[in-house]
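# Structure assessment
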Amino acid sequence: MKAVMTSVFAVLVLITMAMPSAAFASDGKIGTVNVNRILSAMPEYEEIGAKLEEEFAEPIQRIQQLEQEFEALNERLQRDQETMTPDEIQEAQQEWQARRVGLQRSGEQLNQYIQMRETEERNRLLQKIFTEVEAYAEANGYDLILDYTRVPFSRESMDVTDKIIERLLN
């Protein structure tokens, strides 16, 4: 059984090794792009921050108001603790705890929603980039264009990032 598994493994290794050479035997044209550089060069990318800031201005303001109320309650509890009855202290501590939990939960929910919207906007731009890369590849006879950050090595002459940026900006 062990010999059979070793043979199967050896055959799979040989097949895998043969596939890349067969795929590029026709002198395929390969290029690379730096997707992050393209993304940061897009005017729309800079606009995302302002757009989301405007979109979330009201919820952020509500969270800030809750933070101020929480701080005021905390200060009152610290300041008046000596003059409060045990029941008043317990009630104030329970209110403090409830507000702390509510504030934390609200902040986390808002952060998650903001991150979700940032991801949506970023994915929209990435789709635009990938569409442009595909069109460039088709127009210029490329068989393969890889993300520069995902390959261990590539020659600078293979980088078509500037050409993609130019196409996107026009």
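Residues numbered from 1 in each chain as written. Predicted model: local features only at pLDDT ≥ 70, side-chain atom pairs only at ≥ 80, totals over all residues. Heavy atoms only, no water.

## A short note on the nonpolar core
Here is the rule: By nonpolar core is meant a set of buried Ala, Val, Leu, Ile, Met, Phe, Trp, Tyr and Cys residues that side-chain atoms within 4.5 Å join together. Type-normalised accessible area, obtained with a 1.4 Å probe on protein chains alone, sets the label of each residue: buried when under 20%, exposed when over 50%, and partly exposed for intermediate values. Helix and strand assignments follow DSSP, with helices taken as H or I runs no shorter than four residues and strands as E runs no shorter than two, numbered in order from the N terminus. The criterion used for residue contact is that any of the two residues' heavy atoms lie within 4.5 Å.
If you look at the biggest cluster of nonpolar residues, it comprises 25 residues, and the most contacted ones within it are Val33, Ile38, Ile129, Ile145, Val160 and Ile164. Only α2 (35–41), α3 (43–55), α4 (57–80), α5 (86–140) and α6 (161–169) provide two or more residues apiece to this core. Per-element accounting of this core gives the leading share, 9 residues, to α5. Setting aside its immediate chain neighbours within four residues, isoleucine 145 contacts Gly31, Thr32, Val33, Val133, Tyr136, Ala137 and Val160.

## A few points about the packing of aromatic side chains
Under the convention used in this document: Put simply, two rings from Phe, Tyr or Trp (the six-membered ring, in Trp's case) pair if the centres are within 6.5 Å, and we call them stacked under 30 degrees between planes, edge-to-face over 60, tilted for the rest. Lysine NZ or arginine CZ positioned within 6 Å of the ring centre and within 35 degrees of the ring normal marks a charge as sitting over the ring.
A full pass over the atoms with the stated rule returns 3 aromatic pairs. Their ring planes at 80 degrees and their centres at 5.4 Å tell us that phenylalanine 56 and tyrosine 113 sit as a pair that is edge-to-face. Residue phenylalanine 56 is found in the loop between α3 and α4, and its partner tyrosine 113 is found in helix α5; the two are separated by 57 residues along the sequence. Since its relative accessible area comes to 40%, tyrosine 113 is described here as partly exposed. In this structure, lysine 29 is placed above the aromatic ring of tyrosine 142, and the distance from its NZ or CZ to the ring centre is 4.5 Å.

## A short note on the confidence of the model for the protein
For clarity, the threshold we go by: Confidence of the predictor at the level of single residues is given by pLDDT, which spans 0 to 100.
Per-residue confidence for the protein gives a mean pLDDT of 86; residues scoring 70 or more make up 85%. In the predicted structure, residues 1–19 sits below a pLDDT of 50 and forms 0 contacts with residues beyond four places in sequence or in another chain.

## Quick notes on the side chain of threonine 32
Looking at the element boundaries, threonine 32 is found in strand β1 (residues 30–33). Threonine 32 has contacts with Ile145, Leu146, Tyr148, Ser154, Met158, Asp159, Val160 and Thr161, leaving out every residue within four places of it along the chain.

## Thoughts on the packing of α3 against α5
Threshold: Lines are fitted to the C-alpha atoms to define the axes, a helix being fitted only along its stretch in contact, and any angle between axes, read from their N-to-C directions, falls within 0 to 180 degrees. Put simply, angles under 35 degrees are roughly parallel, angles over 145 are roughly antiparallel, angles from 65 to 115 are roughly perpendicular, and the rest are oblique. Crossings are assigned a handedness: left-handed for a near helix turned anticlockwise from the far helix by less than a right angle, right-handed for a clockwise turn. In this count, Pro and Cys sit with the nonpolar residues alongside Ala, Val, Leu, Ile, Met, Phe, Trp and Tyr, while Asp, Glu, Lys and Arg are called charged and the others, Gly among them, polar.
Where α3 contacts α5, the two axes come as close as 10 Å, and the packing angle between them is 155 degrees. Taken together, the axes of α3 and α5 lie roughly antiparallel to each other. As α3 packs across α5, the resulting crossing turns out to be right-handed. Side by side, α3 and α5 meet where Glu44, Tyr45, Ile48, Lys51, Leu52 and Glu55 of the first sit next to Arg117, Glu118, Glu121, Arg122, Leu125 and Lys128 of the second. Looking at the contact of α3 with α5, its residues break down into 4 nonpolar, no polar and 8 charged.

## Looking at the environment of isoleucine 114
Relative to the helices and strands, isoleucine 114 is located in helix α5. Residue isoleucine 114 is classed as buried on the basis of its relative accessible area, which comes to 17%. Separated by 59 residues in sequence, isoleucine 114 and glutamate 55 have C-alpha atoms that sit 9.4 Å apart. Excluding anything up to four places from it in sequence, isoleucine 114 contacts Phe56 and Ile60.

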